[in-house]
Amino acid sequence: MVAEVDNERALRALLGWWAEAGVDSAEAAAILAAPAMQEPAARAAPKAPPKPPVRKASKPPPSSAPEDARRAADAAGTLVELRAALEAFQGCALKGTARQTVFSDGVEGAPVMVVGEAPGRDEDAEGRPFVGRSGQLLDRMLGSVGFSRSDNTFISNVIFWRPPGNRPPTQGEIAACLPFIERAVVLAKPRILILSGGFAAQTLLKRDDGVMRLRGKRLTCPLPALTEPLHAMVMLHPAYLLRRPQDKRLAWADLLALADWADELGIQRGTGL
Ligand code: URA
């Protein structure tokens, strides 16, 4: 009788332990109904409780933020859908500290697209790229050769949320944003992509060369989703030019090179500022 009570208590404890380990009641019943293995007499004494069976994973392993980003971005068939996917994306920690997502400004489908680095304080407050001091300089630079966001230019950034204190984005943050900006370029299909500053240039061209080596040249941006080579030109970032106005002459030479290329490609330019 005492042995029966002990057995029942032990059985209940075992079932509770299995339940906590995730063994469901049907699996437990099957294990208990299975005939016990005959132990050799000499080893029968201290009997360890049977181990619960290893539970089969019912869900795939969690995917990483860049994979989630790539899936969400590639599922977007239009820039409107891409913006919505970005607003819904939770895989970049910068979203938690920024005031809002800064996606794009200007004319979707324009022949020229500018990609910068990341929103700053003014962009974070307004929700549009390049609206602060460097944005105003960018508008003047583009305007001098007949491009404007109201007419023939589309603008975005590699990073879509302001990094706290404007610190450089981390590798993880870049990897989480990259699929979205690459998809934005594919969907916007510019004739010429302008990469503003070394960060945008190196990230999208996948090159290590410094901006001074890359600027003003006729380059190609490698985007596997595009069937035709994408023309790209690197320019000095307007924030850099605000710090080093003596280099504006280099920027002017690059703008003239851009204008020549646009004319050769038959891209309509405005009359300039
Ligand atoms: N600098 C950038 O690179 N992008 C902006 O949107 C603003 C400043």
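What counts and what doesn't
Residues numbered from 1 in each chain as written. Predicted model: local features only at pLDDT ≥ 70, side-chain atom pairs only at ≥ 80, totals over all residues. Heavy atoms only, no water. Helix = DSSP H or I, 4+ residues; strand = E, 2+ residues; numbered from the N terminus. Buried < 20%, exposed > 50% of the residue type's maximum accessible area, 1.4 Å probe, protein only. Contact = heavy atoms within 4.5 Å. Areas by Shrake-Rupley, 256 points an atom, 1.4 Å probe, with all protein chains shown as cover. Axes fitted to C-alpha atoms, helices over the stretch in contact; angles between N-to-C directions. Parallel < 35°, antiparallel > 145°, perpendicular 65-115°, else oblique. Left-handed = near helix turned anticlockwise from the far one by under 90°. Nonpolar A, V, L, I, M, F, W, Y, C, P; charged D, E, K, R; others polar. pLDDT = per-residue confidence, 0-100. Near = heavy atom within 4 Å. Polar contact = N/O pair within 3.5 Å; in protein donor to acceptor, adjacent residues only side chain to side chain. 1 Å grid on protein atoms, 1.4 Å probe; cavity = no way out; pocket = protein on both sides within 12 Å on 5 of 7 lines; lining within 4 Å. Sits in = over half its atoms within 2 Å of the grid points. Pairing = 2+ DSSP bridges. Arc of directions from axis to C-beta.

Trainee: Which parts of the structure should I look at to understand the overall build of the protein chain?
Mentor: Looking only at helices and strands, the protein chain has 12 helices and six strands in total. Relative to its full complement of 273 residues, the protein chain shows a buried share of 41%. Counting contacts in the protein chain only where the partners sit at least 6 residues apart, residues at least 24 apart contribute 72% of the total. When the accessible surface of the protein chain is totalled, it reaches about 15400 Å², and 55% of it is carbon and sulfur.

Trainee: What is the right way to look at the packing of helix α3 (residues 65–75) against helix α8 (residues 171–188) in this model?
Mentor: When two helices pack together, their arrangement is given by the angle between their axes and by how far apart the axes lie. One way to put it is that α3 packs onto α8 with a least axis distance of 7 Å and a crossing angle of 15°. Between α3 and α8, the interaxial angle falls into the category roughly parallel. The hand of the α3/α8 crossing is right-handed. The segment α3 lies against α8, with A65, P66, A69, R70, A72, A73 and D74 engaging A175, A176, P179, F180, E182 and R183. In terms of residue class, the contact of α3 with α8 is built from nine nonpolar, no polar and four charged.

Trainee: When you look at the packing of α8 against helix α9 (residues 198–205) in this model, what are you seeing that I'm missing?
Mentor: Between α8 and α9, the least distance of the axes is 11 Å, while the angle of their chain directions is 75°. Compared by their axis directions, α8 and α9 come out roughly perpendicular. Facing I174, L178, I181 and E182 of α8, the residues of α9 in contact are F199, T203 and L204. Split into classes, the residues belonging to the contact of α8 with α9 amount to five nonpolar, one polar and one charged.

Trainee: I keep staring at the confidence of the model for the protein chain and nothing clicks. Help me out?
Mentor: Mean pLDDT over the protein chain stands at 86; residues scoring 70 or higher make up 77%. Counting interchain partners and residues more than four positions distant, the pLDDT-below-50 stretch residues 13–45 has 23 contacts.

Trainee: Looking at this structure, I do not really get the site of the ligand. What am I missing?
Mentor: Taken together, the neighbourhood of the ligand is formed by G116, E117, A118, E123, P129, F130, S134, N157 and H237. Within the contact set of the ligand, an oxygen atom lies 2.7 Å away from a backbone nitrogen or oxygen of E117. When the free accessible area of the ligand is taken as 240 Å², the share hidden by the protein chains comes to 92%. Here the ligand is seated within the largest pocket. Split into classes, the residues belonging to the shell around the ligand amount to three nonpolar, four polar and two charged.

Trainee: Help me out: how do you make sense of the pairing of strand β4 (residues 192–196) in this one?
Mentor: The two faces of a sheet get side chains in turn, since along a regular strand they alternate between them. Most of β4 is tucked away, with five of its five residues classed as buried. Burial along β4 is two-sided: I192, I194 and S196 facing one way and L193 and L195 facing the other are all buried. Here strand β2 (residues 112–116) pairs with β4 via four bridges, running parallel. Residue pairing in the sheet places V112 in a bridge with I192 of β4. When β4 meets strand β6 (residues 230–235), the two strands line up parallel, connected through five bridges. From the neighbouring strand, S196 faces β6, where its bridge partner is M235.

Trainee: What is the right way to read helix α4 (residues 79–88) from this model?
Mentor: Residues separated by three or four positions in an α-helix point in the same direction, a consequence of the helix having 3.6 residues per turn. Residues L79, L82, A85 and L86 constitute the buried set of α4. For α4, the buried positions fall inside an angular range of 115° around the axis, keeping them on one side. Those residues of α4 that are exposed and aimed more than 90 degrees away from the buried face are V80 and A88. Looking at the buried positions of α4, the neighbouring elements they touch are α3, α5 (94–97), β3 (153–157) and α8.

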